[in-house]
Amino acid sequence: STSEIVRIVEVGPRDGLQNEKATIPADVKVQLINRLGRAGMRIIEAGSFVSPKWVPQMASSAEILNSIERLPGVRYPVLVPNQKGLDSLDIPHAAPTDEIAVFTAATDAFNKANTNVTVAESLDRLAPVVRDALDLGLRVRGYVSVVIACPYSGRVDARQVRDVTKALLDMGCYEVSLGDTVGQGTPHQVTALLEEVTKDVDVEKLAGHFHDTFGMAIANVFAALSAGVRTIDSSIGGLGGCPYSPGATGNVATEDVIYALRGSPYSIDGNPDLDSLVDIGWWISAQIGRENASRVGNAIRSR
Ligand code: HMG
Ligand code: MG
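None of these values were measured; they are calculated from a predicted model.

About the cut-offs
- Residues numbered from 1 in each chain as written.
- Chains lettered and ligands numbered in written order.
- Predicted model: local features only at pLDDT ≥ 70, side-chain atom pairs only at ≥ 80, totals over all residues.
- Heavy atoms only, no water.
- Helix = DSSP H or I, 4+ residues; strand = E, 2+ residues; numbered from the N terminus.
- Rg over C-alpha atoms; globule rule 2.2 N^0.38 Å.
- Areas by Shrake-Rupley, 256 points an atom, 1.4 Å probe, with all protein chains shown as cover.
- Lys, Arg positive; Asp, Glu negative; His and termini not counted.
- Charge placed at Lys NZ, Arg CZ, Asp CG, Glu CD.
- Donors = N, O, S within 2.8 Å, 3.2 Å for Na, K, Ca; no water.
- Buried < 20%, exposed > 50% of the residue type's maximum accessible area, 1.4 Å probe, protein only.
- Pairing = 2+ DSSP bridges.
- Right-handed = clockwise from strand over helix to strand, strands pointing away.
- Polar contact = N/O pair within 3.5 Å; in protein donor to acceptor, adjacent residues only side chain to side chain.
- Near = heavy atom within 4 Å.
- Nonpolar A, V, L, I, M, F, W, Y, C, P; charged D, E, K, R; others polar.
- Arc of directions from axis to C-beta.
- Contact = heavy atoms within 4.5 Å.
- Patch = residues over 30% accessible without salt bridge, like charges linked within 9 Å, V, L, I, M, F, W, Y side chains within 5 Å.
- Salt bridge = Lys/Arg side-chain N within 4 Å of Asp/Glu carboxyl O.
- Expected span 1.5 Å × (residues − 1).

Trainee: Lay out the overall build of the chain with the relevant residues and their values.
Mentor: From N to C terminus, the chain includes 12 helices and 12 strands. Its C-alpha atoms give the chain a radius of gyration of 17 Å, near enough to 19 Å, the size a compact globule of 303 residues would have. Seen through its principal axes, the chain has C-alpha atoms that stretch 50 × 45 × 35 Å. Total accessible area on the chain is roughly 12,500 Å²; 49% of this is exposed by carbon and sulfur atoms. With 28 positive and 36 negative side-chain charges, the chain shows a separation of 2 Å between the mean positions of the two kinds.

Trainee: Tell me about the coordination of the magnesium ion (ligand 2), residues and numbers included.
Mentor: Ligation of the magnesium ion (ligand 2) by protein atoms is provided by Asp15 (OD), His209 (NE2) and His211 (NE2), these donors lying 2.0 to 2.3 Å from the ion. Sequence spacing of the donors to the magnesium ion (ligand 2): D-x193-H-x1-H. With Asp15 in helix H1 (residues 12-16) and His209 in strand S10 (residues 206-210), the pair connects residues that are 194 residues apart, well separated along the chain. The pair Asp15 / His209 is uniform in exposure class, with both members buried.

Trainee: I'd like a rundown of the pairing of strand S9 (residues 175-180), residues and numbers included.
Mentor: Of all 6 residues in S9, 6 are buried, a share of seventy percent or more. Looking at chain direction, strand S6 (residues 139-145) and S9 are connected through 4 bridges and run parallel. Across the sheet, the residue bridging to Val144 is Leu178, located in S9. Judged from the 5 bridges that link them, S9 and S10 form a sheet pairing that is parallel. The partner of Asp180 across the bridge, within S10, is Phe210. Crossover S9 to S10 through helix H8 (residues 187-197) is right-handed.

Trainee: Account for the side chain of Gln18, naming residues and giving values.
Mentor: Positionally, Gln18 belongs in the loop between H1 and helix H2 (26-38). Gln18 gets classed as buried once you look at its relative accessible area, which sits at 9%. Polar contacts involving the side chain of Gln18 include one to the side chain of Asp15, which spans 3.5 Å.

Trainee: Go over the site of ligand 1, please, and point to the residues and values.
Mentor: Neighbouring ligand 1 are 27 residues, the closest being Gln18, Lys53, Asn116, Ser145 and Thr181. At a separation of 2.8 Å, an oxygen atom of ligand 1 approaches a polar side-chain atom of Gln18. Across the complex, the protein chains shield 75% of the 1,100 Å² of accessible surface that ligand 1 would expose by itself. At the level of elements, H1, helix H4 (83-88), helix H5 (108-115) and S6 are the ones that each hand at least two residues to the shell around ligand 1. For the shell around ligand 1, the residue count by class is 10 nonpolar, 12 polar and 5 charged.

Trainee: Before we move on, can you summarise H8 with the specific residues and values?
Mentor: Those residues of H8 that fall on the buried side of the exposure criterion are Gln189, Val190, Leu193, Leu194, Glu196 and Val197. The buried residues of H8 all sit within an arc of 160° when viewed along its axis, so they share a single face. In this structure, H8 carries His188 and Glu195 as exposed residues pointing more than 90 degrees from its buried face. At its buried positions, H8 is contacted by strand S8 (154-155), helix H7 (158-171), S9, S10 and helix H9 (217-226).

Trainee: I'd love a proper account of a negative patch on the surface, names of residues and values included.
Mentor: Together, Asp87, Asp90, Asp132 and Asp135 make up a region of like negative charge exposed at the surface. Turning to its location among the elements, Asp132 is positioned in helix H6 (residues 119-135). Judged by its relative accessible area of 33%, Asp132 is partly exposed.

Trainee: I'd like to hear about H7, residue by residue, with values.
Mentor: Across its 14 residues, H7 extends 20 Å between first and last C-alpha, which sits within 8% of the 20 Å expected from 1.5 Å per residue. Among all positions in H7, only Ala158, Val161, Arg162, Val164, Thr165, Leu168, Leu169 and Met171 are buried. For H7, the secondary structure elements touched by its buried residues are strand S5 (99-105), H6, S6, S9, H8 and S10. Residue Gly172 follows H7 closely and has a positive phi angle near 125°.

Here it is as structure tokens:
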């Protein structure tokens, strides 16, 4: 039987901010992470050690990681695309985190746009990075992007998602997050995708990462929960977008996921406080000059 505890991975400080053009002051990012931790989020994706030429906004990640308040029981994973990214964490000397996430995709076209290599090349490149990271005592999460539709090559074959997911788990990732990067998927497609992927992979090892471009993200979260997925990625204020997924909007809003689970058989790890999160969503949206994309945040604020 599956657990009724749902874990939320707060990706706002990373996915939520990586696509912002204007440089966000480090101090705002640090405050965001600190406030999310105090509101009860247990896993906060805090930055990316990627090439600053590719994603300039994340260039301050080392500085951020060194300035945050580390709350007990809270994990602060960061994205790492290659050996250089892992080396720059300077484990065990500086050790700004104990968890990384590596990422690839279900299609070559997207993966080339995002990381300059095909899927097969990326798996070859990541295998020794994951091995080194595990040797250094880090936990390693995996991401597969464009699991339903690809902005460059259209409809994605679920068998390809299954194979890439399996490859990441075989490398040593403890979990793989399936990304609807484009935010075009429907609940029925999520169900069909998970049916295919779980032929080879335990559902406990999967997470759902849904962008909300078509307004389907909260419905897709529930399709994933119904299929047994118990880890959901979300972003405060519904911030977010991938620089290499043109037109895609932010992730499902953390506030909306928490509200949607109220009164359900599911409890959320860390028992995050919705009112605090609504405040944080308004605060960070104002800081970066964006509309608050959380429907729940808007409803509660205007009550
Ligand atoms: P490349 O240009 O092929 O790599 O990029 P390179 O090895 O030729 O390096 C180019 C330059 O970058 C060199 O500098 C390197 O030193 C530097 P130069 O010699 O020209 O001065 N460099 C680095 N600097 C800092 N940290 C590093 C690093 N690596 C190289 N780690 C590379 C290949 C993978 C580096 C690049 O494509 C890249 O950084 N891509 C990251 C793209 C990205 O961050 N995308 C967003 C995150 S994924 C996402 O949002 C999807 C997700 O949310 C799930 C979903 O929604 O689907 C997770
Ligand atoms: Mg994303």
